[in-house]
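Chains, contacts and geometry: an overview
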Amino acid sequence: MNFDEMHGVRDRWIEDLISSVIDTLDEDPSNLVPTFVFRTGIGRLPQALTVVRIALLDSIAIESTSIAEELQSHDLTAYGLAAADVRNRLVLPVIRRFRVSGAPWARWWDVAGLFEALVELWTAERLLVHSSTRVRHELRTIWKVQDERKLDCLLKCRISPYAYLPEDVLEEGPLSIPAQILQKHTRHPLTIDLDEQVRQRHPEFGNRPDLMEVLRRSLLRVQLEARLTRLPGWADSSEDEFTKEIVNAFTAWDNDFARCMQSMTAHEVELLQEHEPERIRRNIILSAARDYSAHIPADLDVLSSSRDLQSEPAYAAPWIVDKVVVDGARSWHASTGPLSAWFIAAETDDQEIMLRRLLASGSFGLGCGIRDTTVQLRINLSGSSDEEEPPLEVPFFYRMSQVGSAWELLLMSAVGRVRLVGLRLTPDGEVRVVGANSIELPKSLIHTLETNSLNALRNSVGDDMEKLRHEIETCDVAEVSLELFMACELAKAEDLLEELTALSPVNVDSIPWTRFRQASRALANARADRAATAADGGDPEKFDQPIKRAIESRQRALEVARTWSPKSLKHDNRLRSLVASLPDSRTSFAHLMIKNEKLYLLTLVQSPEPLIEWRYLRVSVADLLMLCSRWTTGTAQQRREMISDGSMLPLRDIAKSVISALPPETGVRRLILSPVAPLDLLPLHAIPIDDEDDTAGLLDYFDEITHAPTLAIAAKLAQATASPSGYPLIVAQLGGHLPDLPLLKMPVAEAAIFSVLYQDARELVAGHATRNAVIEAMSGAKVVHIACHTLFTGDRWGDGLILDGRSLGSALLSAGHIMAETDLRGAELVVLSSCHTAGHASLGSAVQTVRGLEAAFLARGARAVISSLWSVSDIPALVFSTVLHANIAGGATVGQAYSGAIKYLRSRDWNLVPPAADAAHMISPERWAEVHLDLCCPDWRILMDRHADDGVAMWGTFKLSGAAWR
């Protein structure tokens, strides 16, 4: 290949490189003629360099408006164009494109490398018409190259580097004579295996025949000298004038070759170099998965690059909200294009202050640990070095058993930096972006990460790049669903699980957990006091500061306690332990999750190996949220209409999916439902699902249905046992003792029937049912039944049961009081015969561990709770509770008793003629219930007939939660 051909190849490479950069903007339909944004007369190379400069600044977390202003200050954009227009028409499209697809060249992950190559080409072009002094100044001011040694190297770049390339040693030139001498003394000609040389370099080297020619000449020169020095007598002739001329010829050739190398871009020189096999493998792997779909959306508001950390934080994107409030994630990693990101969500003011300080300082303390197949990276959020108080470290886990996770770690090590995004989860469940900054990874850490990720990928896919792409693209659905399930488990379980056990985790020092529980109780007390004051019309804001301090104390206590806890990094072992906690192989746990505005269902069944089925449900999440709002705010008549007019079809589809996931051949007869909020407000257990029979529901496909916030909580609750000395407790507050509180008739009947069914029952009725008396009595009870009014304000800590008291505040047994003052570890069942005890005001998907009164009772150790999703009518509530307790008193489990009571309401059995009892057949619990109802309320059948047509709106309100089996 002659010089002209080599120059032609290189010129085409340069033009293709420039075009690939500029053309990326044309692929974005939202971009408005990018050339119009640039200053008139600016060439294509400066345009391309400007585009990559934008992407480079974004990669180090420079805010888009600042980037636009920088371009304007250097006269790169059209005169008179506002900074906002530059931002919207040029900066944002470039950022979006690079975040999605990476840099538009073979090394798509290397934005900095592309920028460097274009700067070198720009310098060479600029030196054709301007002095080196001016070009040096422009490099400093426009392209921000400040290193003097780097500037010196750049100024050696030339537009035609092959003008300095020495001749081929086999052709005319300084080394042609030594070559002829060698040919006279040996039968073996000079040859180079270029195919082998190409394999030792970056894959893109093979697309540059000009560089291959440069390499061939260099290798021939090295081979020529090596073979000459091995000729007989060569060493003895070193002082010979002819030999000296040959040595000088070699030196002259080398000087020309060195000048050629200095005139080329660093990228081209790097391509010519031989690489370590692992570096070649890294480049091949990253190139092979270039089209790997991003883990996260590349929307511009997703990864805020704002450095104005004192400004009002922006609301986070919906998928981030899902991650924080649905999955409960407080730290996680993700990627889009070449950009790796770490997310940290602060929950308290103190944490937000530490996070802001960390982002503003740009000084990040990083740690790395490797355990089994997991790489754990840590960042010191608190900056504390106090030996007595452990630093607050935030972890990020990369599972090397997952191809996608290992590949993501390899990508991050290749880029050499990661974006840290700070978030704030507010007390009302909103997620806001605090700010972001870029972390440059230390070289030692980069080497560690690259080595571990390459080893993991070698073990999982070997050299099969098709398999690599397949594994990354499919992303192992079962593995992803498991990750999502475990995230939801942790998110919804942490507070409840640690507080309800009242015991430290296994093999853990109990002192930190004791302090955590004490801090939790203090916080609950403060919230309860606020709720009581608000109920009495006082000023609740005076409790805001004490509550804020209590939140900070509790959160810090929890962080310290976590550091003492053993953390298993293997989800598989944790999953097996959870599935093993199911009572038997006839029980399934069905978890409904919302992720990225999509609905997922995961079912677990106990077997030698956990039986997992995961599916994506094609149900509109927006429609479900609207359905929640209509259902929870509607009247009984409106709910009846929603069932009949098809409004509940989305819920019917969900129920059908549960049935199809657990067909009869699985043998599952008990179903534990765990719908993420706000789906927990809908009567999934009761909704009709048969197109031909509008009364058939999940209760017709399963013998028992209960609800649980998580499988872990259900497992913990199932470990509890009723106290042998426990007693049944009936609490009946009739109302009428406070203004605007109407008198209730049925609590008296419920108390009378309860006392007959349970011979050893204790009663707290009317004036005896004070808050303190009820709290004290519940601590020794095995069955608790509370019938009274409910205060439903929308404050999840202030909602509660209205007992006896001189004021609403003194009579209120709020969720805060329950969390702070009760101990229900001996209670097998708590029945809340009141309105909205399973409801909550929030229709968002935020994970709040205490939602409704039922959750508070579960949190304090009650094995099972029966509550109401909406308002209940007096007579159906009386009949339901009577049949329920008659079954329990007859020896049924809570789950069996609940199913029996629901079946009784659905079937209208109160109008049947009961069979006569004989010696062989005892009177059924339902018959006993009817006898007691006849005594207390003779016209109850007539009253029930008036509600019979209400259907689900009448009986679907009763919800069973917890471990309802023995």
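Rules used throughout
Residues numbered from 1 in each chain as written. Predicted model: local features only at pLDDT ≥ 70, side-chain atom pairs only at ≥ 80, totals over all residues. Heavy atoms only, no water. 1 Å grid on protein atoms, 1.4 Å probe; cavity = no way out; pocket = protein on both sides within 12 Å on 5 of 7 lines; lining within 4 Å. Points joined across faces, edges and corners; volume = space filled by probe spheres on them. Helix = DSSP H or I, 4+ residues; strand = E, 2+ residues; numbered from the N terminus. Nonpolar A, V, L, I, M, F, W, Y, C, P; charged D, E, K, R; others polar. Pairing = 2+ DSSP bridges. Contact = heavy atoms within 4.5 Å. Axes fitted to C-alpha atoms, helices over the stretch in contact; angles between N-to-C directions. Buried < 20%, exposed > 50% of the residue type's maximum accessible area, 1.4 Å probe, protein only. Core = buried A, V, L, I, M, F, W, Y, C linked by side-chain atoms within 4.5 Å.

Where an unreviewed UniProt entry is consulted, the protein appears under the name CHAT domain-containing protein, with the organism given as Microtetraspora glauca.

A short note on the layout of surface pockets
Roughly 1,300 Å³ of volume is contained in the second largest pocket. For the second largest pocket, the lining is made up of 49 residues, of which D110, V111, A112, G113 and V415 are closest to its centre. Tallying contributions element by element places helix α6 (residues 111-126) first for the lining of the second largest pocket, with eight residues. When its residues are assigned to classes, the lining of the second largest pocket shows 23 nonpolar, nine polar and 17 charged.

Some points on the sheet that holds strand β2 (residues 331-336)
An order of β1-β8-β7-β3-β2 is seen for the five strands of this open sheet, with the pairing classed as mixed. Edge positions in the open sheet fall to β1 (314-315) and β2, since each of these has one partner strand only. Across six bridges, strand β3 (residues 339-346) lies against strand β7 (residues 417-425) in parallel orientation. Paired with F343 across the bridge in β7 is V421. The strands touched by helix α17 (residues 403-415) are β2, β3 and β7; relative to β2, the strand with the most contacts, the crossing angle is about 75 degrees.

Details of the environment of Y616
Positionally, Y616 belongs in strand β11 (residues 611-617). Residue Y616 is classed as partly exposed on the basis of its relative accessible area of 34%. In the structure, Y616 is positioned 16 residues away from Y600 in sequence and 4.6 Å away in space, judged by C-alpha atoms. With sequence-adjacent residues up to four places away left out, Y616 is seen in contact with K598, L599 and Y600.

Here's the deal with empty space enclosed by the protein
Applying the stated rule across the entire model yields four cavities of 30 Å³ or more. The volume enclosed by the second largest cavity comes to roughly 70 Å³. The wall of the second largest cavity is formed by V831, L832, S833, S834, I866, S867, S868, V872, A877, F880, S881 and F958. Put simply, the parts of the chain that give the lining of the second largest cavity at least two residues each are β20 (829-833), β21 (864-868) and α33 (874-889).

Here's the deal with the nonpolar core
The biggest cluster of nonpolar side chains holds 85 residues, and the ones touching the most others in it are L599, I654, L671, L698, V879, F880 and L884. Here this core gets nine residues from one element, more than from any other, and that element is α33. Each residue touching L599, except ones within four places of it in the same chain, is listed here: M593, I594, R615, Y616, L617, V619, V621, L624, I654 and L679.

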